[in-house]
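Here are the chains, one letter per residue:
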Amino acid sequence: MQKNILKSGIELSELGLGCMSLGTDVQQAQKIIETALEAGITYFDTADIYDKGVNEEIVGKILHQYQQREDIVIGTKVGNQLQPNGDMVWNPSKRYIKDNIKHSLRRLGLEQLDLYMLHGGTIEDPLDETISAFEELKQEGLVKAYGLSSIRPNVIRYYLENSQIEVLMSQFNLIDNRPEMLLNEVREHGVKLLARGPVFKGLLTKNYEQALAQKFAKGIFDYDAASLKDTVSALHDIEPELTALSFSYLRSFDVLGSIIVGASSVQQLQENVAQYNKEIDSININKARSIVKDLNYTQHLK
Ligand SMILES: NC(=O)c1ccc[n+]([C@@H]2O[C@H](COP(=O)([O-])OP(=O)(O)OC[C@H]3O[C@@H](n4cnc5c(N)ncnc54)[C@H](OP(=O)(O)O)[C@@H]3O)[C@@H](O)[C@H]2O)c1
């Protein structure tokens with residue numbers, strides 16, 4: 001498995017496991033994580049809020065069995081504060097971030113996090129205070145590197161120019177190709193992109209018809225239901241499978257850090273790994289890219 005290296009020297013497997021859809025059945029999660037490790041995946045993405053902390057506990061418990069391995073990298077996220085009534089409130093304050101990390105470390109069974117990411121946010125946030133919280137955590141040795149998960153150009157640009165983020169996580173796939181408009185700036189700052197949603201919830205898999213009917217019945221972005229169906233069908237007609245096309249499209253960008261793919265079963269993960277391992281001709285990648293629309297972010301630009 002190809003490894004991509006961050007500024008701090010952290011090595012991310014080019015295919016990473018998005019742990020959000022692992023579920024709360026530990027045995028099932030163990031099977032999926034073991035399948036990932038067998039395939040050479042060493043980067044695992046979680047967040048404090050996934051299953052209200054249970055996801056971090058499960059990921060930590062399972063990966064603890066492999067603690068002698070030094071190549072495993074875990075990334076988690078902060079910013080959504082869970083209220084006693086179960087509601088979530090956005091909290092990017094230094095006080096909260098520096099307190100919350102203790103809980104994530106405890107749930108993951110770690111003394112230091114590889115990667116700590118801000119889980120969203122707006123341009124109205126106290127950005128410098130948030131950045132200073134991550135810088136202090138790094139100086140205190142509690143995190144090796146930090147990053148931002150965002151799809152807001154104004155927030156992304158602020159972090160690129162005013163912080164030492166090493167990764168930017170954004171939804172990125174053949175259909176949602178909006179991040180393309182920011183790639184030059186990301187590259188200039190030596191930041192690596194974590195492409196989440198690479199199979200777009202199943203839309204970019206051989207089960208696309210089910211995803212179209214169940215998850216994209218109203219279309220998405222500039223696509224209405226009919227044009228989305230036509231576009232995905234046209235992609236499907238290109239010889240390599242949709243997933244292989246989406247992964248090789250993402251792999252064609254030198255700023256790629258990792259493709260964070262989700263899977264709710266061992267079978268899905270095995271299929272996704274097999275698609276990742278396929279060599280796809282650049283002619284087919286270009287053909288796929290010419291079929292989809294050129295999307296741009298239209299909000300949160302300033
Ligand atoms: N703001 C953020 O920071 C943020 C937001 C979202 C996600 N993430 C991270 O990114 C990861 C990936 O995100 P995602 O789950 O939205 O993206 P995804 O990988 O595009 O979608 C995963 C889902 O697609 C379906 N799927 C996957 N492989 C399949 C296959 N081979 N055949 C058919 N269906 C398949 C499954 O849906 P079913 O379970 O319905 O079958 C699975 O749960 C998450 O796990 C999480 O770690 C971060």
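So, how was this worked out
- Residues numbered from 1 in each chain as written.
- Predicted model: local features only at pLDDT ≥ 70, side-chain atom pairs only at ≥ 80, totals over all residues.
- Heavy atoms only, no water.
- Helix = DSSP H or I, 4+ residues; strand = E, 2+ residues; numbered from the N terminus.
- Buried < 20%, exposed > 50% of the residue type's maximum accessible area, 1.4 Å probe, protein only.
- Contact = heavy atoms within 4.5 Å.
- Areas by Shrake-Rupley, 256 points an atom, 1.4 Å probe, with all protein chains shown as cover.
- Lys, Arg positive; Asp, Glu negative; His and termini not counted.
- Charge placed at Lys NZ, Arg CZ, Asp CG, Glu CD.
- Arc of directions from axis to C-beta.
- UniProt positions renumbered as here; feature names shortened; annotations may be inferred.
- 1 Å grid on protein atoms, 1.4 Å probe; cavity = no way out; pocket = protein on both sides within 12 Å on 5 of 7 lines; lining within 4 Å.
- Points joined across faces, edges and corners; volume = space filled by probe spheres on them.

The name an unreviewed UniProt entry gives the chain is Aldo/keto reductase, with Staphylococcus americanisciuri as the organism.

Okay, the overall build of the chain next. Regarding its fold elements, the chain presents 11 helices and 12 strands. Along the first, second and third principal axes, the C-alpha set of the chain runs to 50 × 45 × 40 Å. Relative to its 302 residues, the chain shows a buried fraction of 53%. Of the contacts made within the chain by residues no fewer than 6 positions apart, 75% connect residues no fewer than 24 positions apart. Surface summary for the chain: the accessible area is close to 13500 Å², and the carbon and sulfur share equals 46%. Taking the average location of the 32 positive side-chain charges in the chain and that of its 41 negative ones, the two points are 2 Å from each other.

Considered for burial, the residues of helix 10 (residues 266-276) that qualify are Leu269, Asn272, Val273, Gln275 and Tyr276. For helix 10, the arc enclosing every buried residue in end-on projection is 160 degrees, short of the 170-degree limit, so these residues lie on one face. Along its buried surface, helix 10 packs onto strand 3 (15-18), helix 1 (26-38), helix 9 (242-251) and strand 12 (256-262).

Before going further, it helps to examine the UniProt feature "domain: NADP-dependent oxidoreductase" (unreviewed entry) in the chain. Mapped onto this numbering, the UniProt entry annotates "domain: NADP-dependent oxidoreductase" (unreviewed entry) at residues 14-291. End C-alpha to end C-alpha, residues 14-291 measures 25 Å, and it is 43% helix and 18% strand.

This part is about the environment of Phe134. Residue position: Phe134 is located in helix 4 (residues 127-139). In sequence terms Phe134 and Leu63 are 71 residues apart; their C-alpha atoms lie 24 Å from each other. Among residues more than four places away in sequence, those in contact with Phe134 are Val78, Ile97, Tyr116, Met117, Leu118, Val143 and Tyr146.

As a volume, the largest pocket reaches approximately 830 Å³. Surrounding the largest pocket, 35 residues form its lining, Met20, Ser21, Val199, Lys201 and Gly262 being those nearest its centre. For the lining of the largest pocket, the elements supplying multiple residues, two or more each, are strand 10 (167-171), helix 7 (208-214), strand 12 and helix 10. In this structure, the second largest pocket occupies an estimated 540 Å³ of space. When residues of the lining of the second largest pocket are traced back to their parent elements, those giving at least two are helix 2 (54-64) and strand 5 (73-78).

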